[in-house]
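Each chain is listed here by its residues.
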Amino acid sequence: MKSFKERVFKYTYNHTWLLLILLFISTGTMIVWYMEKQQSVLVESISIKNAELYLGAVSEFRTLYTSEVVNKLKNSNISIVHDYHERADAIPLPATLSMLLAKRIGQRSSGTKVRLYSPFPFPWRKEDRGLQDSFGQSAWDFFQKSPQLAYFSFEVIGGNRVLRYAVADQMRADCVECHNNHKDTPKSDWKTGDVRGILEVTLPIGNFQQQAKTNLGGFIWLILGVSLVGLFTMMLLIGRLKFNYQQSQKKLNIEIEQGKRAQIKVLESNEDLQQTLIKLRQTQESLVEKETMAALGGMVASIAHEINTPIGICVTAASILEEETQAIISHTEKGKLTRSVLESYTKTSLESGKIITHNLQRACELVESFKQVAVDQTSHERRIFNVNTYLKAIVNSLKPQTKRHVKQVLIDCPETLAIDSFPGALSQVITNLVTNSVKYGFDYITDGTISIKVTVEANSITILYQDDGKGITEELHQKIFEPFYTTGRDTGGSGLGLHIIYNIIVQLFKGTIVCRGGKDEGVIFEIILPFNESLKLETNE
């Protein structure tokens, strides 16, 4: 009867492509949904900003006209009236000229309308008399409490989606006397700061939304194309890995069969026994080497997966920056580049740049950490290196494998400790210890802690490795260093990890390794490396 894990693994193995396609479809759907949502928010935000600038320009013109023209002509023979076009010695009122300017601007922008209305209009303002709809009434009630804020609403008028944006028209100090003393005034007790009316602009946003949807559609097709290429490449890689796995299984089965035949021949003659023992030693050395390369291969896969995340974020940020650049080029060519659009583009560019820089730095750190460790593990060269820095590089290269189970790795080592030795061997020891902790000590644990303490004695260096995982029972403290002994055979354990550590420490460094701790108490490995030809302490003269 196969276990649940075995059934899940077999199903995943046999339906890898199907699972990848489902993952691709679900991820694509989420991206499209998110982009559409952000597009709608962006369109509304830009529309509100445009309306604010529109009304701001009208109000600023009105203020400028009042201060620079009207106030200077009050004591002259020039009349300031609403029906100025019927008189040769008259100029228009500020409100009249402001609305005329807004009307002229609106004629250049299809569907844009500006209105200035009030519950207290002058008699000649019949078309704007009173609050004509629910929006106007709601805006008036709102401005009675918050005259400094804007009031807006997105509505559908005539089948087109529009933004109705209004601000309070407050009584200015230089206008109070005129309004209170005018013969046709509907209200004669105005005070400075009173809300005398509402200045409203209606902006159509349907065309803008349609253009945004068109741009989004192009972006989605681009993402889809890139994703399909990536999916196809991943499928090819998985197919290749499956083929290699099958070939390895066949080769392993052949080797096992050969081993069985060799055992039978052992019983036939002493000479055959000697030859078989030699072959077994060679097979053991080969498996040890394979275990070392398998650990390195697992590290490669984990690093590649980890790097994929910051690189993917960089691609997304770069795509957004390209889209924003195309948009601002389009605004420039059409002569519609505004300050708000430029500010939005600048903000987006800075944010995209920061995102790209941060994630590329993260990818570089991962590559640098992995590069030195990988070279050392495969080259077996001797060199002088800083132990503290090298331990941090090893731990950093193992983060993709430890992040799901290990909350923190504490390193206590003198910062200036430098030795002349074999960094690849030390890397193999630490890598196997951390891998064992993750695989066996922290199974079903997500907040484990690993500590590595290095102390320098008169004639040796002591490395104390400790984790707070499940621990090892005392009766297994010696067995765990035997070749092929493992408690995780059903999860792919080879039983060579600690045996490799033992051989490196005892045979290469002429040192010792001792296991302590009990079940559910975590595990402690005390490693003593004496100073000899394999390990020399470097001192700064």
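So, how was this worked out
Residues numbered from 1 in each chain as written. Predicted model: local features only at pLDDT ≥ 70, side-chain atom pairs only at ≥ 80, totals over all residues. Heavy atoms only, no water. Core = buried A, V, L, I, M, F, W, Y, C linked by side-chain atoms within 4.5 Å. Buried < 20%, exposed > 50% of the residue type's maximum accessible area, 1.4 Å probe, protein only. Helix = DSSP H or I, 4+ residues; strand = E, 2+ residues; numbered from the N terminus. Contact = heavy atoms within 4.5 Å. 1 Å grid on protein atoms, 1.4 Å probe; cavity = no way out; pocket = protein on both sides within 12 Å on 5 of 7 lines; lining within 4 Å. Points joined across faces, edges and corners; volume = space filled by probe spheres on them. Nonpolar A, V, L, I, M, F, W, Y, C, P; charged D, E, K, R; others polar. Patch = residues over 30% accessible without salt bridge, like charges linked within 9 Å, V, L, I, M, F, W, Y side chains within 5 Å. Areas by Shrake-Rupley, 256 points an atom, 1.4 Å probe, with all protein chains shown as cover. Salt bridge = Lys/Arg side-chain N within 4 Å of Asp/Glu carboxyl O. Lys, Arg positive; Asp, Glu negative; His and termini not counted. Charge placed at Lys NZ, Arg CZ, Asp CG, Glu CD. Pairing = 2+ DSSP bridges. Axes fitted to C-alpha atoms, helices over the stretch in contact; angles between N-to-C directions. Polar contact = N/O pair within 3.5 Å; in protein donor to acceptor, adjacent residues only side chain to side chain. Arc of directions from axis to C-beta.

1. Comments concerning the nonpolar core
Membership of the largest hydrophobic core comes to 42 residues, with the highest contact counts inside it found for Leu433, Ile452, Ile463, Ile480, Phe525 and Ile527. Elements supplying a minimum of two residues to this core: α9 (387-397), α11 (423-441), β10 (448-456), β11 (460-467), α12 (497-508), β12 (512-516) and β13 (523-530). No other element matches α11, which puts seven residues into this core. Once residues lying within four places of it in the same chain are set aside, the contact partners of Ile452 are Leu391, Val395, Leu410, Ile411, Asp412, Ile430, Ile463, Leu464 and Tyr465. Val58, Tyr165, Leu199 and Val201 belong to the second-largest nonpolar core, a separate cluster that totals 15 residues.

2. Quick look at empty space enclosed by the protein
A complete count under the given rule lists two cavities of 30 Å³ or more for this structure. By volume, the largest cavity is sized at about 70 Å³. Mapped by element, the contributors of at least two residues to the lining of the largest cavity are β9 (418-421) and β11. Class assignment for the residues of the lining of the largest cavity results in 10 nonpolar, one polar and no charged.

3. Brief notes about a negative patch on the surface
Together, Glu474, Glu475, Asp520 and Glu521 line one region of the surface with negative charge. Following the sequence through the fold, Asp520 ends up in the loop between β12 and β13.

4. Focus: the sheet that holds strand β6 (residues 195-204)
Taken in spatial order, the four strands line up as β3-β6-β5-β4 in an open sheet, and their pairing is antiparallel. Edge positions in the sheet fall to β3 (113-117) and β4 (151-157), since each of these pairs with one other strand and no more. Sheet twist, expressed as the mean angle between neighbouring strand axes with direction ignored, is 20°. Where β3 lies against β6, five bridges are found, and the strand directions are antiparallel. In the sheet register, Arg115 faces β6, and the bridge partner there is Glu200. Here helix α4 (residues 134-145) sits on the sheet and contacts β3, β4, β5 (160-170) and β6; the angle it forms with β6, its principal contact strand, is near 130°.

5. Let's talk about the sheet that holds β10
The strand order across the open sheet formed by five strands is β8-β10-β11-β13-β12, and the pairing between neighbours is mixed. Of all the strands in the sheet, just β8 (406-412) and β12 have a single pairing partner and so form its edges. Mean inter-strand twist for the sheet, computed between neighbouring axes without regard to direction, equals 10°. Bridge count between β12 and β13: five bridges; the pairing is antiparallel. In the sheet register, Ile513 faces β13, and the bridge partner there is Ile527. Docked against the sheet, α9 engages β8 and β10, running at close to 170° with respect to β8. α11 rests against β8, β10, β11 and β13 of the sheet, and its axis sits at about 20° to β11.

6. Thoughts on a nonpolar patch on the surface
Side chains of Tyr11, Leu18, Leu19 and Leu22 sit close together on the surface and give an oily, nonpolar patch of about 370 Å² of accessible area. Considering the arrangement of structural elements, one finds Leu19 in helix α2 (residues 16-73). The class of Leu19 is partly exposed, set by a relative accessible area of 33%.

7. What about α9?
By the criterion of burial, α9 is predominantly enclosed, with nine of the 11 residues buried. Among the residues of α9, those classed as buried are Val387, Asn388, Tyr390, Leu391, Ala393, Ile394, Val395, Asn396 and Ser397. Capping the start of α9 is the job of one residue whose side-chain oxygen sits 3.0 Å from the backbone nitrogen of Asn388: Asn386.

8. A look at the environment of Val387
Tracing the chain through its elements places Val387 in helix α9. Val387 sits in the buried class, given a relative accessible area of 5%. Between the C-alpha atom of Val387 and that of Pro414, which follows or precedes it by 27 residues, the distance is 8.2 Å. Apart from residues lying up to four places away in sequence, Val387 is in contact with Cys413, Leu417 and Ile419.

9. A look at helix α5 (residues 173-181)
Listed in full, the buried residues belonging to α5 are Cys175, Val176, His179 and Asn180. Taken around the axis of α5, the buried residues stretch over an arc of 125°, which confines them to a single face. For α5, exposure combined with an orientation more than 90 degrees from the buried face picks out Glu177 and Asn181. Buried-residue contacts for α5 involve β6.

10. Quick word on the pattern of salt bridges
In this structure the tally under the stated criterion is 11 salt bridges. For Asp420, the salt bridge goes to Arg382, with nearest N and O atoms at 3.1 Å. Placement of the pair is Asp420 in strand β9 and Arg382 in the loop between α8 (339-379) and β7 (383-386), with a sequence separation of 38 residues. Relative accessible area serves as the criterion here: at 33%, Arg382 is assigned to the partly exposed category. Taking the shortest distance from any N to any O, the salt bridge between Lys536 and Glu533 comes out at 3.9 Å.

11. A short note on the environment of Phe442
Tracing the backbone shows Phe442 in the loop between α11 and β10. According to the relative accessible area criterion, Phe442 is buried, its value standing at 0%. Setting aside residues up to four positions removed in sequence, Phe442 forms contacts with His405, Val406, Ser437, Gly448, Thr449, Ile450, Asp467, Asp468 and Gly469.

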